[in-house]
Amino acid sequence: MDFNDTPEEAAFRAEARAWLEANARLKDPDDPGEDLLGERTSPETIRAAQAWQKKKADAGWACITWPKAYGGRDASAIQSVIWGQEESKFQTPPNIFGIGLGMCGPTLLTHGTDTQKERWIPQLLSGEKIWCQLFSEPAAGSDLAGLRTSAVRDGGEWVVNGQKIWTTGAHFCDWGILVVRTDPNATKHAGLSYFVVDMHSPGIEVRPIVQINGGRGFNEVFFTNVRIPDENRLSEVGNGWAVAITTLMNERASIGGGGAGGGVGDLLEMAEKTEIDGRPAIESSAVREKIADLYTRSRGLQYTGYRTLTALSRGTTPGPESSLGKLVGGALAQDMASFGIELEGLAGATHDRAITPDDGIWQDMYLAIPGLRIAGGTDEVLRNIIAERVLGLPPETRADKGIPFKDVPTGAH
Ligand SMILES: Cc1cc2nc3c(=O)[nH]c(=O)nc-3n(C[C@H](O)[C@H](O)[C@H](O)COP(=O)(O)OP(=O)(O)OC[C@H]3O[C@@H](n4cnc5c(N)ncnc54)[C@H](O)[C@@H]3O)c2cc1C
């Protein structure tokens, strides 16, 4: 493992840092950070996020790994990590472009025609248009290829009917990436096609889902005879699964293990300030043991992350350790939030920012992390992947293999 920047990486870091210093303010260490699932999408926040994205795009700092021809700077994976590390030290609007830039853009660059790239990439990169991902359905999440929303060809258009769910940001997005079933007679994965849909099309109805913390980050989206021009199709009819895999690979990479909220340092500080039975909490051996446990686990995760960075820095592919970040990081963050709330004593039972200590960061984190342990692959699905692809254990039985999708009994796919 190598913890230091190479001379080239140090030079790149200095260049990134200089631009950020000239264009943004350093973060306030007392700022609780980004609101995990709450009010991060008011019209003012969206405008501020778009203005910051445009500023980066104009200076060549948006999507730096993308080709220069499409507004990027052909940067390497390690340069992208360095840019992310530096940008995270500055006060910037919430990143509402994660799906568009992290997933839709790379999919368009891989599978789009030149015309499609010229049409959609510039407005994606500059933040002018915001994108969402219309994949999951009520009966197709982990088993995405079991989806039932259909598209039937009608001349130069496709007519879409069905329902999507958990669509993050659908209520303020302009475009969406959509996977639908175009051939129910083909096997499960072979009957799918992939489209880009204008979210303002007639027949699209977006209904909000209110979350446990009162935020409304995602939605149900209903399609009733929605017409999509064939020119909005990515790749061939029936090749939708391959395109979706490109999106999903990028999704896992962009979700990662980290996230907003408190860390072990904040817990330590709190244990020094808080009292249990008239003594500072840090004097309790149970509190010290718990903090030591959380510290050890977060350091383990951090150093495992460095192994991935070292591989990227050397231009090699990261090993299986990169599959562990989201799995281990999610559970760890949940334990930290739970312990933070416990340390707050009775006040921990509230979730009103006006009276909850630390602006309610532990409560926000506690309510948000279960969602992060589901999005982009649930813990169980990640364990299956590690079991089958990393450890080489026998695969799960798949009862729907090799038969036409229309003959798969409901509940067996
Ligand atoms: C915060 C958040 C944002 C999201 N944003 C989007 C979005 O923008 N667009 C979008 O399309 N989707 C989005 N999703 C949906 C997400 O992709 C799905 O929730 C996820 O794929 C899981 O699917 P599901 O909810 O249908 O659960 P299910 O797949 O029904 O799983 C239910 C339970 O069964 C377990 N399980 C399922 N299959 C297996 C198996 N083979 N082996 C063992 N256990 C299994 C799961 O681990 C889980 O515990 C979002 C979800 C969250 C939480």
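Everything numeric in this text was worked out from a predicted model, so none of it was measured. (Residues numbered from 1 in each chain as written. Predicted model: local features only at pLDDT ≥ 70, side-chain atom pairs only at ≥ 80, totals over all residues. Heavy atoms only, no water.)

*Asks:* What should I look at first to understand the overall build of the protein chain in this one?
*Replies:* Scanning the protein chain from terminus to terminus reveals 11 helices and 12 strands. Taking 413 residues into account, the globule formula puts the C-alpha radius of gyration at 22 Å, and the protein chain, at 23 Å, falls close to it. Along the longest, intermediate and shortest principal axes, the C-alpha atoms of the protein chain span 75 × 50 × 45 Å. Look at the contacts in the protein chain between residues 6 or more apart in sequence, and 71% of them connect residues 24 or more apart. Each charge class in the protein chain can be summarised by its mean position, and for the 41 positive and 55 negative side chains these summaries are 4 Å apart. (Helix = DSSP H or I, 4+ residues; strand = E, 2+ residues; numbered from the N terminus. Rg over C-alpha atoms; globule rule 2.2 N^0.38 Å. Contact = heavy atoms within 4.5 Å. Lys, Arg positive; Asp, Glu negative; His and termini not counted. Charge placed at Lys NZ, Arg CZ, Asp CG, Glu CD.)

*Asks:* I tried to follow the site of the ligand on my own but got confused; where do I start?
*Replies:* Surrounding the ligand, one finds 17 residues, the nearest of these being S142, W166, T168, T378 and E380. Here W166 contributes a backbone N or O atom positioned 3.0 Å from a nitrogen atom of the ligand. Interatomic distance of 3.1 Å between a side-chain N/O atom of E396 and a nitrogen atom of the ligand. Its free accessible area being 970 Å², the ligand has 68% of it covered by the protein chains. When residues of the shell around the ligand are traced back to their parent elements, those giving at least two are strand 5 (157–168) and helix 11 (379–390). It is strand 5 that provides the largest number of residues to the shell around the ligand, a total of 3 residues. Class assignment of the residues belonging to the shell around the ligand gives a composition of 6 nonpolar, 9 polar and 2 charged. (Near = heavy atom within 4 Å. Polar contact = N/O pair within 3.5 Å; in protein donor to acceptor, adjacent residues only side chain to side chain. Areas by Shrake-Rupley, 256 points an atom, 1.4 Å probe, with all protein chains shown as cover. Nonpolar A, V, L, I, M, F, W, Y, C, P; charged D, E, K, R; others polar.)

*Asks:* Whenever I open this one, the packing of helix 1 (residues 7–23) against helix 2 (residues 43–58) confuses me. Can you help?
*Replies:* Helix packing for two helices is described by the angle between their axes and how far apart those axes are. Between helix 1 and helix 2, the shortest axis-to-axis distance is 12 Å and the interhelical angle comes to 135°. On the basis of the axis angle, helix 1 is oblique to helix 2. In this structure, helix 1 crosses over helix 2, and the sense of that crossing is right-handed. Side by side, helix 1 and helix 2 meet where W19, L20 and N23 of the first sit next to W52, K55 and K56 of the second. Residues belonging to the contact of helix 1 with helix 2 are distributed by class as follows: 3 nonpolar, 1 polar and 2 charged. (Axes fitted to C-alpha atoms, helices over the stretch in contact; angles between N-to-C directions. Parallel < 35°, antiparallel > 145°, perpendicular 65-115°, else oblique. Left-handed = near helix turned anticlockwise from the far one by under 90°.)

*Asks:* Would you mind showing me how to read a nonpolar patch on the surface here?
*Replies:* A surface patch of nonpolar side chains, about 270 Å² in accessible area, is lined by V390, L391 and L393. Here V390 shows up in helix 11. Classification of V390 as partly exposed rests on a relative accessible area of 35%. (Patch = residues over 30% accessible without salt bridge, like charges linked within 9 Å, V, L, I, M, F, W, Y side chains within 5 Å. Salt bridge = Lys/Arg side-chain N within 4 Å of Asp/Glu carboxyl O. Buried < 20%, exposed > 50% of the residue type's maximum accessible area, 1.4 Å probe, protein only.)

*Asks:* How should the nonpolar core be read in this particular structure?
*Replies:* Proteins that are soluble and globular tend to have nonpolar side chains buried together. Core analysis: the biggest nonpolar cluster contains 53 residues, and W131, V197 and F223 have the highest contact counts within it. Sorting elements by how many residues they give to this core places helix 4 (residues 98–111) first, with 6 residues. With near-sequence residues (within four places) excluded, V197 lies in contact with L134, D174, W175, G176, L178, I204, F223, V226 and I228. Grouped together as the second largest cluster of nonpolar side chains are 19 residues, L267, M270, A281 and L294 included. (Core = buried A, V, L, I, M, F, W, Y, C linked by side-chain atoms within 4.5 Å.)

*Asks:* Got a minute to help me understand the environment of V221 in this structure?
*Replies:* Within the secondary structure, V221 sits in strand 9 (residues 218–229). V221 gets classed as buried once you look at its relative accessible area, which sits at 0%. A C-alpha to C-alpha distance of 4.6 Å links V221 and V206, two positions 15 residues apart in sequence. Those residues in contact with V221 that lie beyond four places of it in its chain are L134, G162, Q163, K164, T167, A170, M199, I204, E205 and V206.

*Asks:* Just to check I follow, could you spell out the pattern of salt bridges for this structure?
*Replies:* Side chains carrying opposite charge are able to pair once their charged atoms draw close together. In total, this model carries 22 salt bridges according to the counting rule given. Of the charged contacts in the structure, one is a salt bridge between E86 and K89, with a shortest N-O distance of 2.8 Å. Among the salt bridges present, the one from K188 reaches D400, with a minimum N-O distance of 2.6 Å. Of the two residues, K188 is situated in the loop between strand 6 (175–181) and strand 7 (192–198) and D400 in the segment after helix 11; the sequence distance between them amounts to 212 residues. You'll find K188 and D400 in the same group, each marked buried.

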